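# A look at the structure
The residues making up each chain are set out below.
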Amino acid sequence: MQITFGLQLDEEVYPLPAQTNGGQAIMGQQALLRFFETHFGLSGYPNNNDHLRIESYRQALVEQLKQNPAAFYQASLTADQLATSAKLLEARDELLLSGWDFQSKTGIPERLQSLANVEHILQNASDFQLTPMPFGFADRFEQMLRFVGKRELPLDKVLIAEPHKLLPTHLQRLFERLQAAGIQVEYLSYAAPMSDSDLGIFQQLLSGQNPSDRQLKNDGSLLILKAKRETEAANYLARMLRLNPNFRPLCLIPEKNRALDNALIQEGLPSLGILSASLARPSLQILKLATTFFWNPIDPYKILEFVSLQVKPLEDRLASLIASQIARLPGMKGEGWYALVYRQLEELQEREQNDKTVDAGKARFQYEFWFERKRYDLSQQVPVAEVHEVFQYLSDWAYEQFDEHGGQNSSLLVLSEQAQRICDLLEALPINRSQLSYLELERIVRTIYEPSPVLFRHREVGHYPCVHSPASIIGPTQSLIWWNFTSNERDYFFSRWYRPEIDWLLQNGIFIQGPKEDNARLLWQRIRPVLHTQKQLLLIMPEFINGKEVFAHPLHDELEAAFGDLSAICSQISDENTAAVFAAHFNLPGYKPLSHVQLGTPKPFLHIQKTSALQQIEQETFTSLDALFYYPYQWALRYKIKLRKSSILSVVGDTTLMGNLSHRFLEMIFKQNVSRWSREALNRWIDEHTYDLLVREGAVLLMYGREPEKINFINRIKFAAWSLISMIQDNGWTVEATEMDLQGNFQQISVKAKADLVLRRGDEWAVVDLKWRGATRRQNMIRNEEDIQLVMYAHLIDAEIPNIHTAYFILESGLMIARNNLAFKEALAVSPDLSQDEVNQRIWKQMRATFDWRMAQLKEGRIEVRTAQTVDEIEETYGAQLMDLLEMRREDAPFDDYRTLVNLIS
């Protein structure tokens, strides 16, 4: 049997044999190890057990630390046990593969002695009551190596892609033993064609020669295609391949990038079948979000992300309702939570009677499993058994979903496997480890959390040959497209071993490869694609990949050093002047830049023919009336045509959150009898109820790092609440209602509203509208007699009661703003000389006139579009009509969702 071996031949290889040949195989490291294990009777080891090995090694490191508290890794292990264990396990495996037996000898350096002690503990794990460490690649390789030359192999010859000196130490040892056992070992060599073409000259330079002629001939053998973005390059290249059917290049696509494959599919060309590996798979997000249900305070952002996932262990409609609730009130089990949840569960139970696909019991179990479980403070620890229960459920659920979907969503299978690995790791913990801290649990999940490789489309007949690694090309190819000819190689830093350690190992016959050997191997692999290309090499160089700027591949520097100016072989997709570089060798797609389209300008009026629907008004709210008065196009689009922007499920911003929470605080406070409260009593009440309210409706402020904002908010609430209570007490008011529902008539139309705070003093009434901020704006509204909201509230309370007081209370500053001081002597009086009743009557009269005027416009089919650009033309049209109406605004509407529809684009 003959084996062709290469370090990067575990996946795609080029060229493959033209036909199947018995007794020949192409292998990388993993396949080669499995081959030897199979024939030596050593097979059966799992491949995906690194998480268990890390845990076992962690236990051994902890045990060794008990014996030697000053061990070199003590500080790192204290900071992060699993990460430290993973790094030291890599070092241990490197030493094992290099041939060290971990035996102590004279003069052994301290760190090597510590690792030798850890290895001794691992070999005697049962004596220390530790979990035995499973075999990994290094252990399996060393075990296999002991049988080479001692047992027969059906192997005659091994062809090796890399030179012997560039192979890792353990492979050098293997092939030397194979040679000693009489098996023929040969190293592949390939001499690049030494032509005088552009490509040939570059090959000579990379091969160490020094050609005299370094002038670019633009003979088509070496071409560079540049683009701004990879998607632009992919679309252009795919169309070019479509237009040149006889051009069948090998495609080198590093990092399994799917941009070119997607473009080929769009052009109707066969798919390359490229896997896409990503941590952003919705199903995998569950793995890292599940832990948030263990802890208090909750993280509303993660809860919202969990219930918003496309695939999740929660009934879809119920999850959607919970998401909307959390987005509005970032907490759990706040106002209306249980009514919302149990109403949906009851609906599911009713649907289950007629629809067998509905499982109400399962939906209830899933809700209770996640949202009703016991949670622990972040300073506490969660029992391992509860963590195991959650991830075992996730594993079972994901596999069940994978099976139900016909095995189509492989990400679910990956989720199931990763959740099971977490369970396996938890089971491998020592018996005395019954609880986990927040950081320990997060580290465990992060240790397991890996990208999910997904195949969106299978490789199709007639596809272009494709490889993902430069060293996967082990033979000649006529032409090659090097996709994303950019720097994507890993960085090399310092050796993990100190010079005295390397010297001691060398003295004992152990050679440790370092950055020098790694870099030499990288340099050799980097030039393979160029040297193996015989006729034509195309280098594709985008400036941005996935929205991030990238650097040119290191070989581009070699090109510039060899030829100087590369413009003769470069073509920029968007530059017609450089297209001739490629046009001499290919049929090229046309490139037509799109011209800018000038947007229109807003028109002062929209005209419609059918007006009956606009005039059919039975009920309005103050918000809708306000839009009708000032911005009729918004009223028509939102309330009549029902054009509303879709809800974006995101936690409300801080300003909105503060306003909502402050309203809720004051609503709760004024449900108490505050007539005799002192400031100390108020502060005590707020302190007692703050945490519960924030858990239900403002958990954002309980999160780590938000303590300053929380304290500042609570202090503001205390100040604002006492300012308001003291004003109520000092001016003889009593609280009639908070969040009072109001309903009445306005021009024969039913109007509904909700007043924040309604006060009473004998026969007098006062309506106070609570605002988080905006003191200057409210002063101007009262001064300009634009406080129509307060006037509407006063009318809806009782139109017959004269002189109902109105005011704004600014929570952020504790400031009361009113027209005069008759209701609150502490208020900022904006127009103290004016009669409240007369002003209210005047505004009310203007509101009625404005409504009638707007309705007359609607009857004519004319809808005003009031913007800063159209206001002059509109007012010129109206002339003296505006005298008896509310003063119209001259600026654009704030928070306008319809700017695009009316051509108002800034």
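Preceding this section is the structure that the text describes.
Residues numbered from 1 in each chain as written. Predicted model: local features only at pLDDT ≥ 70, side-chain atom pairs only at ≥ 80, totals over all residues. Heavy atoms only, no water.

### Quick look at the overall build of the protein
- What the protein contains, in helices and strands, is 33 helices and 26 strands.
- Over its C-alpha trace the protein gives a radius of gyration of 38 Å, far above what one expects of a compact globule, namely 29 Å for 906 residues.
- The buried share among the 906 residues of the protein stands at 52%.
- Expressed as a percentage of contacts within the protein between residues at least 6 apart in sequence, the contacts between residues at least 24 apart total 74%. (Helix = DSSP H or I, 4+ residues; strand = E, 2+ residues; numbered from the N terminus. Rg over C-alpha atoms; globule rule 2.2 N^0.38 Å. Buried < 20%, exposed > 50% of the residue type's maximum accessible area, 1.4 Å probe, protein only. Contact = heavy atoms within 4.5 Å.)

### Overview of the sheet that holds strand 3 (residues 157-160)
- Reading across from one edge, 2-1-3-4 is the order of the 4 strands in this open sheet, with parallel pairing throughout. Each edge of the open sheet carries a strand with a single partner, namely strand 2 (24-27) and strand 4 (184-187). Neighbour-to-neighbour, the strand axes of the sheet open up by a mean angle of 20°, direction not taken into account.
- Relative to strand 2, strand 1 (residues 2-5) is paired through 4 bridges, and the arrangement is parallel. Across the sheet, I3 pairs through a bridge with A25, a residue of strand 2. (Pairing = 2+ DSSP bridges. Axes fitted to C-alpha atoms, helices over the stretch in contact; angles between N-to-C directions.)

### Description of the packing of helix 4 (residues 81-97) against helix 6 (residues 137-145)
- One way to put it is that helix 4 packs onto helix 6 with a least axis distance of 9 Å and a crossing angle of 15°. Taken together, the axes of helix 4 and helix 6 are roughly parallel relative to one another. Like other packed secondary-structure pairs, helix 4 and helix 6 cross with a definite hand, here left-handed. Seen from helix 4, the contacting residues are R92, D93, L96 and L97; seen from helix 6, they are F137, A138, D139, F141 and E142.
- Class assignment of the residues belonging to the contact of helix 4 with helix 6 gives a composition of 5 nonpolar, no polar and 4 charged. (Parallel < 35°, antiparallel > 145°, perpendicular 65-115°, else oblique. Left-handed = near helix turned anticlockwise from the far one by under 90°. Nonpolar A, V, L, I, M, F, W, Y, C, P; charged D, E, K, R; others polar.)

### Side note on the pairing of strand 20 (residues 734-746)
- As judged from the 11 bridges shared by strand 20 and strand 21 (residues 749-761), these two strands associate in the antiparallel manner. Within strand 21, the position partnered with M740 by the bridge is A755.
- Where strand 20 folds back onto strand 21 in an antiparallel hairpin, the turn is made up of 2 residues, including Q747, whose phi is positive at roughly 55°.

### Considering the layout of surface pockets
- Approximately 1800 Å³ is the volume found for the second largest pocket.
- Surrounding the second largest pocket, 41 residues form its lining, T623, K771, R777, R778 and F895 being those nearest its centre.
- Sorting the residues of the lining of the second largest pocket by element identifies helix 25 (622-630), helix 26 (632-640), helix 27 (654-669), strand 21, strand 22 (764-771), helix 30 (775-783) and helix 31 (788-797) as the ones contributing at least two each.
- With 7 residues, the single largest contributor to the lining of the second largest pocket is helix 27.
- Its residues assigned to classes, the lining of the second largest pocket comprises 14 nonpolar, 9 polar and 18 charged. (1 Å grid on protein atoms, 1.4 Å probe; cavity = no way out; pocket = protein on both sides within 12 Å on 5 of 7 lines; lining within 4 Å. Points joined across faces, edges and corners; volume = space filled by probe spheres on them.)

### Notes on the packing of aromatic side chains
- Using the criterion set out here, one finds 36 aromatic pairs in the structure.
- Between F582 and F586, the aromatic rings sit 6.0 Å apart at their centres with planes inclined by 35°, giving tilted as the arrangement. Accessibility assignment for this pair places F582 and F586 in one class, buried.
- Taking NZ or CZ as reference, R111 lies 5.6 Å from the ring centre of F72, over its face. (Phe/Tyr/Trp six-rings, centres within 6.5 Å; stacked < 30°, edge-to-face > 60°. Lys NZ or Arg CZ within 6 Å of the ring centre and 35° of its normal.)

### Side note on the environment of R778
- On the secondary structure map, R778 appears in helix 30.
- The buried category is assigned to R778, whose relative accessible area is 9%.
- As for R778 and S276, which are separated by 502 residues in sequence, their C-alpha atoms are 55 Å apart.
- Once residues within four sequence positions are removed from consideration, R778 is found in contact with K771, R773, Y808, I810 and I817.

### Thoughts on the packing of helix 25 against helix 31
- For the pair helix 25 and helix 31, the least separation of the axes is 11 Å and the interaxial angle reads 130°. Our classification of the angle between helix 25 and helix 31 gives oblique. As for how helix 25 packs across helix 31, the hand of that crossing is right-handed. Between helix 25, through F622, L625, D626, F629 and Y630, and helix 31, the contact on the second element is made entirely by I788, Q789 and M792.
- Considered class by class, the residues forming the contact of helix 25 with helix 31 number 6 nonpolar, 1 polar and 1 charged.

### Here's the deal with the nonpolar core
- Counting 169 residues, the largest nonpolar core has L174, F175 and F371 as its most contacted members.
- The element contributing the most residues to this core is helix 29 (residues 707-730), with 10 residues.
- Excluding anything up to four places from it in sequence, L174 contacts L32, F36, F141, M144, L145 and V148. (Core = buried A, V, L, I, M, F, W, Y, C linked by side-chain atoms within 4.5 Å.)

### Topic: the side chain of D769
- Within the element layout of this structure, D769 appears in strand 22.
- Since its relative accessible area comes to 2%, D769 is described here as buried.
- Side-chain polar atoms of D769 contact the side chain of K771, separated by 3.0 Å.
- For D769, the residues in contact, after removing those within four places along its chain, are D756, Q789, L790, Y793, A807, Y808 and F809. (Polar contact = N/O pair within 3.5 Å; in protein donor to acceptor, adjacent residues only side chain to side chain.)

### Some details on a nonpolar patch on the surface
- Where nonpolar side chains cluster on the molecular surface, the patch consists of I641, L643 and L901 and spans about 280 Å² of accessible area.
- Along the chain, the position of L901 falls in the segment after helix 33 (871-878). (Patch = residues over 30% accessible without salt bridge, like charges linked within 9 Å, V, L, I, M, F, W, Y side chains within 5 Å. Areas by Shrake-Rupley, 256 points an atom, 1.4 Å probe, with all protein chains shown as cover. Salt bridge = Lys/Arg side-chain N within 4 Å of Asp/Glu carboxyl O.)

### So, helix 33
- Within the sequence span of helix 33, burial applies to V871, I874 and Y878. Angularly, the buried residues of helix 33 cover 65° about the axis, an arc narrow enough to put them on a single face.
- Contacts made by the buried residues of helix 33 are with strand 18 (605-607), helix 32 (836-859) and strand 26 (862-864).
- The first or second residue beyond helix 33 is G879, which carries a positive phi of 65°. (Arc of directions from axis to C-beta.)

### Considerations on the pairing of strand 21
- Two strands pair when backbone bridges link them, and strand 19 (residues 619-621) and strand 21 are joined in this way by 3 bridges, in the parallel orientation. From the neighbouring strand, T621 faces strand 21, where its bridge partner is K752.

### Thoughts on the pattern of salt bridges
- Scanning the model with the defined rule gives 48 salt bridges in all.
- As a salt-bridge pair, R258 and D261 come within 3.1 Å of each other at their nearest N and O atoms.
- Owing to a relative accessible area of 12%, R258 belongs among the buried residues under this scheme.
- Residues R899 and D892 are paired through a salt bridge, measuring 3.8 Å at the closest nitrogen-oxygen approach.
- Under the relative-accessibility criterion, R899 is labelled partly exposed at 22%.
- According to the relative accessible area criterion, D892 is partly exposed, its value standing at 24%.
- The network of salt bridges with common partners includes R854, E864, R866, D872, E875 and R890.

### A word on a negative patch on the surface
- On the surface, D557, E558, E560 and D565 cluster together into a patch of negative charge.
- Mapped onto the fold, D557 is located in helix 22 (residues 554-563). (Lys, Arg positive; Asp, Glu negative; His and termini not counted. Charge placed at Lys NZ, Arg CZ, Asp CG, Glu CD.)

### Notes on helix 26
- For helix 26, the tally of buried residues reaches 8 of 9 residues, placing the bulk of the element in the interior.
- Those residues of helix 26 that fall on the buried side of the exposure criterion are P632, Y633, Q634, W635, A636, L637, R638 and Y639.
- Backbone geometry just downstream of helix 26 places K642 in the positive-phi region, at approximately 65°.

### Some remarks on the state of the cysteines
- On inspection of all chains with the given rule, the structure shows 0 disulfides.
- C251 forms no disulfide, and the closest cysteine sulfur to it belongs to C466, at a distance of 6.0 Å.
- Of the residues examined, C251 reaches a relative accessible area of 1% and is grouped as buried. (Disulfide = S-S within 2.5 Å.)

### Considerations on unusual backbone geometry
- For the peptide bond that leads from Y14 to P15, omega is 0°, which places it in the cis range.
- Relative to the helices and strands, P15 is located in the loop between strand 1 and strand 2.
- The phi dihedral of F102 falls on the positive side, at around 60°, and the residue is not glycine.
- At Q748, a residue that is not glycine, the phi angle is positive and equals roughly 65°.
- Relative to the helices and strands, Q748 is located in the loop between strand 20 and strand 21.
- Accessibility expressed as a relative area gives 76% for Q748, which makes it exposed.

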